[in-house]
Amino acid sequence: MLIDLHTHSVVSDGTDAPAELMAAASAAGLDVVALTDHDTTGGWAEAAAAVPSTGVALVRGAEISCRADGMSVHLLSYLHDPEHPGLLAEAERTRGARLDRARAIVDLVAADMDLTWEDVVAQTVPGTTVGRPHIADALVARGHVADRSAAFATLLGAGSPYYVPHYAPDAVRAVTLVREAGGVPVLAHPGAVERGRIVADGVVAQMVDAGLAGIEVDHRDHDAGQRARLTALAAAHGLLVTGSSDYHGTGKPNRLGEGMTSPEVLAAIEEQGSIEVVRP
Ligand code: AMP
Ligand code: ZN
Ligand code: FE
Ligand code: FE
């Protein structure tokens, strides 16, 4: 069983439409894939409709933007009620803040080089959760940088003078909201380095107290040392351990299935979730 529990479509900052993502998952030999667009469930219906033709089971999820300790933290939510008012309101607030923040970044960049807000909008589809990758795509289209990675390494990285943060809920509160919405909260890539920092053990402990179900360990942003540390941390707190590709289509080098979750962990997630895994 090949199970990849973290991917993005054009509904956020991936480059495949949800149905294309399902087809790509089939081509990659996956049995189960989770669609986890940033702060939205807008791709669920299209992805679910592609389950019968692709033969790939779908875990409906989202990657919730959060903050903790002044850092950006990502929380995966699986199998939650997409209409739960509390979680939905937070996601909509974040999506609005992401728009304002993207405009602010464009204003800063436009003072120094040719770039317009329309350039960025042209890189999205209606309803997209806008992020720095769309600004990166606009910079590529203008010929300012070669690809998304080059944009993040220079103009758009967290250390850049053009960097602007955006509102996101506190990570501990987000865990509570995901549970209230019947979802299964899993901390995404906690060992990935942001501005030289990783999510602190103390933040993880507070998230566990609020109901955290698991942490993502098998992810390309984790080196061997982080994998060992996070495996021990999960064991200490009795957490599930997941793995995933964090696939973004052609937007990142990450390939479907490069990180994997066990069938036993998927069964535990399904057991705790409030909606079904969509099966062929
Ligand atoms: P944002 O959500 O606007 O803060 O942008 C962060 C998103 O950009 C994350 O989903 C990352 O997957 C993506 N990202 C970060 N670094 C890179 C990179 N070097 N190349 C492509 N995408 C990236
Ligand atoms: Zn992303
Ligand atoms: Fe993430
Ligand atoms: Fe992601």
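A few points on the structure.

About the criteria used
Residues numbered from 1 in each chain as written. Chains lettered and ligands numbered in written order. Predicted model: local features only at pLDDT ≥ 70, side-chain atom pairs only at ≥ 80, totals over all residues. Heavy atoms only, no water. Donors = N, O, S within 2.8 Å, 3.2 Å for Na, K, Ca; no water. Tetrahedral: all angles 85-135°; square planar, octahedral: opposite > 155°, others 65-115°. Helix = DSSP H or I, 4+ residues; strand = E, 2+ residues; numbered from the N terminus. Buried < 20%, exposed > 50% of the residue type's maximum accessible area, 1.4 Å probe, protein only.

## A short note on the coordination of the iron ion (ligand 4)
The protein atoms that coordinate the iron ion (ligand 4) are His6 (NE2), His8 (NE2), Glu63 (OE) and Asp246 (OD), at distances spanning 2.1 to 2.3 Å. For the iron ion (ligand 4), the four donor atoms in the first shell make angles of 75 to 159 degrees at the metal, a pattern classed as irregular. Counting the intervening residues between successive donors of the iron ion (ligand 4) yields the motif H-x1-H-x54-E-x182-D. Here the iron ion (ligand 4) and the zinc ion (ligand 2) are spaced 4.3 Å apart. Of this pair, His8 sits in the loop between β1 (3-4) and α1 (18-27) while Glu63 sits in strand β3 (residues 57-68); the two residues are 55 residues apart in sequence, bridging distant segments of the chain. Taking relative accessible area as the criterion, His8 reaches 0% and is therefore assigned buried.

## Thoughts on the coordination of the iron ion (ligand 3)
The iron ion (ligand 3) binds to the protein through Glu63 (OE), His74 (ND1) and His189 (NE2); the donor distances cover 2.0 to 2.2 Å. The sequence pattern formed by the donor residues of the iron ion (ligand 3) is E-x10-H-x114-H. Metal-to-metal, the separation of the iron ion (ligand 3) and the zinc ion (ligand 2) is 5.7 Å. Taken together, the residues span a long stretch of sequence, with His74 in strand β4 (residues 71-78) and His189 in the loop between β5 (184-187) and α9 (201-210) at a distance of 115 residues. Taking the relative accessible area as the measure of exposure, His74 reaches 17% and is therefore buried.

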